[in-house]
Amino acid sequence: MSAPAASATTPIQPAAPYLPLTRPTIDEETIAGVAEVLRSGWITSGPNVKALEAKLSEYCGGRPVRVFNSGTCTMEIALRIAGVGPGHEVITTPLSWVATSNVILEVGAKPVFVDIDPVTRNIDLSRIEAAITPATRAIIPVDLAGLPVDRDRLYAIAKKHNLRVVEDAAQSLGSTWNGKRIGAIGDFVSVSFHPNKNVTTIEGGCLIMNTEAEAKLAEQYRLQGVVRTGFDGMEVELVGGKFNLTDVAARVGLGQLPRLDEFNAKRRELARAYFELFDRPAARSLGLQLPVADFVQTNWHMFQVVLPEGFALKRAEVMAQMHAAGIGTGVHYPAIHLFKIYRKLGWKDGDFPIAEKVCRSILTLPLFPTMTRADAARVVDALTAILTPHVQP
Ligand SMILES: *Cc1c(COP(=O)(O)O)cnc(C)c1O
């Protein structure tokens, strides 16, 4: 073979590809499975929904599970099953996706926010009892970034005050508490299968319940309150919605669920890499607040840092510079009580100072199973370069 002729043009060196904040991993087997469902003639809720519910139930220690078209309606339905409505209060955190408290308003109840623990960034359990009134019916804790809220303390409070719990475990499927899977323990557990979550059905979610009676109610709330019997019997006993998951989406979930633990192991490995990279002197001097270094219980749904207060550089500017360096970042989340509709209901700046401080400065860095350690190094290097000129001596 002769040597290749020298190219007449200078080869273009491709810039490093854009590193997104997150990215779902959908394998070819799943794509083929979806094509099969599409060709089958049955594309909405059917055998794949049933199969996914069975697999999820198996994953959650045999508890009743039903799937829905979001991880939002699951919480709303749990509140309805629990009989929560007008005149009732539900305790939750101001640091979450706004769905968490919107569902409380949706059922006509009043959200009662409790400030967060600055280290875990989850609801501060030590502040819950002071927020309980005779109108309190439930607590919605959130496992932010997959880090589980202390289930022992949570359920001790719930039991003492006779409150229902709707765990917003949208982000924590595959996390554990004392060796038990989230979903395998507790009261209502709500999970999301949004594409950014650790497993996806594109859009979707599931609700894990205690009894078959609750699961039957969930089915009614899921589809217009309808109950069918025999060949021609149909009754409607409550006002339900339109929250069913399609078989196409369920087939995606059936391809994802067997890989959940593998995905989470990869996330854990990358989180470890971040900790090692942030431990280098140049990064340490930035004064970033890192997440809790838990490699046992959390599924590492996200890796979030909190920028120190007093940086001259605004978070949006940090994000813009990261973007210019080819790296996606995100904000999870702005404080819920400071959104317009919540302000109209009476909340204001300063109500939950710890959450507000974290929400102003929190930044989510890329983390997803197909990312590499080299990608993580690129993120830490870029962030270090951007922040170093602004560090207060
Ligand atoms: C994703 C998410 C939800 C809502 O899930 P959807 O499936 O998008 O409706 C609720 N709470 C938290 C904390 C979430 O991260």
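Structure shown above.
A short tour of the structure in this document, coming up.

Cut-offs used in this document
Residues numbered from 1 in each chain as written. Predicted model: local features only at pLDDT ≥ 70, side-chain atom pairs only at ≥ 80, totals over all residues. Heavy atoms only, no water. Near = heavy atom within 4 Å. Polar contact = N/O pair within 3.5 Å; in protein donor to acceptor, adjacent residues only side chain to side chain. Areas by Shrake-Rupley, 256 points an atom, 1.4 Å probe, with all protein chains shown as cover. Nonpolar A, V, L, I, M, F, W, Y, C, P; charged D, E, K, R; others polar. 1 Å grid on protein atoms, 1.4 Å probe; cavity = no way out; pocket = protein on both sides within 12 Å on 5 of 7 lines; lining within 4 Å. Points joined across faces, edges and corners; volume = space filled by probe spheres on them. Domains from an automatic or database assignment. Helix = DSSP H or I, 4+ residues; strand = E, 2+ residues; numbered from the N terminus. Buried < 20%, exposed > 50% of the residue type's maximum accessible area, 1.4 Å probe, protein only. Contact = heavy atoms within 4.5 Å. Axes fitted to C-alpha atoms, helices over the stretch in contact; angles between N-to-C directions. Left-handed = near helix turned anticlockwise from the far one by under 90°.

Around the ligand sit 15 residues, and of these Gly71, Thr72, Asp168, Ser192 and Lys197 come closest. Within the side chain of Ser192, an N or O atom sits 2.7 Å from an oxygen atom of the ligand. Contact between the ligand and Tyr333: an oxygen atom at 3.3 Å from a side-chain N or O atom of the residue. Protein contact buries 93% of the 380 Å² of open area that the ligand shows by itself. Here the residues of the shell around the ligand sort into five nonpolar, eight polar and two charged.

Where empty space is left in the structure can be found by rolling a water-sized probe over the atoms. Counting across every chain of the model gives four cavities of 30 Å³ or more. When its volume is computed, the largest cavity comes out at roughly 110 Å³. Val119, Thr120, Arg121, Leu144, Ala145, Leu147, Pro291, Val292, Thr298, Trp300, Met302 and Gln304 are the residues that line the largest cavity. Looking at the lining of the largest cavity residue by residue, the class counts come to eight nonpolar, three polar and one charged. Both of domain 1 (28-259) and domain 2 (260-390) provide at least three residues apiece to the lining of the largest cavity. Volume-wise, the second largest cavity comes out at about 70 Å³. Lining the second largest cavity are 14 residues, and of these Arg23, Pro24, Thr25, Lys197 and Asn198 lie nearest its centre.

All right, on to the environment of Pro291 then. Of note, Pro291 is situated in the loop between α10 (281-284) and β12 (303-306). We classify Pro291 as buried; its relative accessible area is 14%. As a C-alpha pair, Pro291 and Glu356 span 65 residues in sequence and 17 Å in three-dimensional space. Not counting the four nearest positions on each side in its chain, Pro291 is found in contact with Arg121, Phe275, Trp300, Phe303 and Gln304.

Attention shifts here to the environment of Ala135. Inspection of the secondary structure puts Ala135 in the loop between α5 (128-131) and β4 (136-140). Taking C-alpha positions, Ala135 is 9.4 Å from Lys110, a pair spaced 25 residues apart along the chain. Look past the residues within four positions of Ala135 in its chain and what remains in contact with it is Gly87, His88 and Glu89.

Before going further, it helps to examine the packing of helix α2 (residues 47-59) against helix α8 (residues 247-256). In contact at an axis separation of 8 Å, α2 and α8 are set at 35° when each is read in the N-to-C sense. Along this stretch, α2 crosses α8, giving a crossing that reads as left-handed. Mapping the contact onto sequence places Pro47, Asn48, Val49, Ala51, Leu52 and Lys55 in α2 and Asp247, Ala250, Arg251, Gly253 and Leu254 in α8. A class-by-class count of the residues in the contact of α2 with α8 yields six nonpolar, two polar and three charged.

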